[in-house]
Amino acid sequence: MDARTLTPRYSVSPQIAVEDIPAIKAAGFQTVICNRPDAEVPPSHQAAALRAAVEAAGLKFAELPLTHQTMTMENVAMQRELYEAADGPVLAYCASGTRCSVIWALGQASDLGVEQVLNTTAEAGYDLSNLRQTLESLA
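Numbers given for residues are sequential positions, taken from 1 along each chain in its written order. At least 70 in pLDDT is required for a residue's local features to be given in this predicted model, at least 80 for side-chain atom pairs to be given and counted, and no such filter applies to totals for whole chains, interfaces and linings, which use all residues. The basis for the side-chain values is all heavy atoms of the structure; hydrogens and waters are excluded.

Some points on the packing of aromatic side chains
Here is step 1: To pair, rings of Phe, Tyr and Trp, with the six-membered ring standing in for Trp, must have centres within 6.5 Å; the planes then decide the type, stacked if under 30 degrees apart, edge-to-face if over 60, and tilted in the middle. Per the stated rule, a full pass over the model turns up 1 aromatic pair.
Here is step 2: A ring pair is formed by Y10 and Y83, whose centres lie 4.6 Å apart and whose planes are at 50°; its orientation type is tilted. Of this pair, Y10 sits in strand β2 (residues 10-13) while Y83 is found in helix α3 (residues 73-85), placing the two residues 73 residues apart along the sequence.
Here is step 3: Note on classification: 1.4 Å probe, protein chains only; a residue is buried when its accessible area is under 20% of the maximum for its type, exposed when over 50%, partly exposed between these limits. We classify Y10 as buried; its relative accessible area is 0%.
Here is step 4: Overall, the relative accessible area of 8% leaves Y83 in the buried class. Secondary structure elements are taken from DSSP: a helix is a run of H or I of four residues or more, a strand is a run of E of two residues or more, and numbering for both begins at the N terminus.

Examining the UniProt feature "domain: Beta-lactamase hydrolase-like protein phosphatase-like" (unreviewed entry) in the protein chain
Here is step 1: Listed under "domain: Beta-lactamase hydrolase-like protein phosphatase-like" (unreviewed entry) in the UniProt record, and renumbered for this structure, are residues 2-110.
Here is step 2: The straight-line gap between the two end C-alpha atoms of residues 2-110 is 28 Å; of that span, 39% is helix and 18% is strand. UniProt positions are given in the numbering used here, feature names are shortened, and annotations may be inferred rather than shown by experiment.

Looking at the packing of α3 against helix α4 (residues 98-112)
Here is step 1: Axis lines are fitted through C-alpha atoms, for helices just across the contact stretch, and the angle between N-to-C directions can take any value from 0 to 180 degrees. Where α3 meets α4, the closest approach of the two axes is 9 Å, and the angle between their N-to-C directions is 85°. It follows that α3 is roughly perpendicular to α4 by the angle criterion. Here α3 contributes M73, N75, V76, Q79, R80, Y83 and E84 to the contact with α4, which in turn contributes I103, W104, L106, G107, Q108 and D111.
Here is step 2: Note on residue classes: Ala, Val, Leu, Ile, Met, Phe, Trp, Tyr, Cys and Pro are nonpolar, Asp, Glu, Lys and Arg are charged, and everything else, Gly too, is polar. Taken together, the residues that form the contact of α3 with α4 break down as 6 nonpolar, 4 polar and 3 charged. An angle below 35 degrees is read as roughly parallel, one above 145 as roughly antiparallel, one from 65 to 115 as roughly perpendicular, and any other as oblique. Contact between two residues is taken to exist if any of their heavy atoms lie within 4.5 Å; hydrogens are not considered.

What to know about the environment of Q79
Here is step 1: For Q79, the position within the fold is in helix α3.
Here is step 2: Of the residues examined, Q79 reaches a relative accessible area of 0% and is grouped as buried.

Structure below.
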């Protein structure tokens, strides 16, 4: 697991595996959000397998598969609702963590401002400067 913190309650990660669940729990995460469509991964890494392991560990699991085409404002709002309603820290994952960062950035631009959003994601290793114009339109 390569969790990268964007806020004290929201971290992102590249693809996780069932073997990562004990470390995720030990790190204090309460909810895991899968932003990766099943079509991108083998059955061992699909949402059903990870859901079973996450829930067996006593954590919550949510799915919101994202692609470039489904990065809609409706899904931005849904992701925000998922992490804001969580009982504690959330780990969102996709292939690299970029989609999880992008959806967070789109949902936070109006609250935090473009510079803070871009600085936060850059500090976590995600350069989203190509989204500046979109973020500015949302701020």
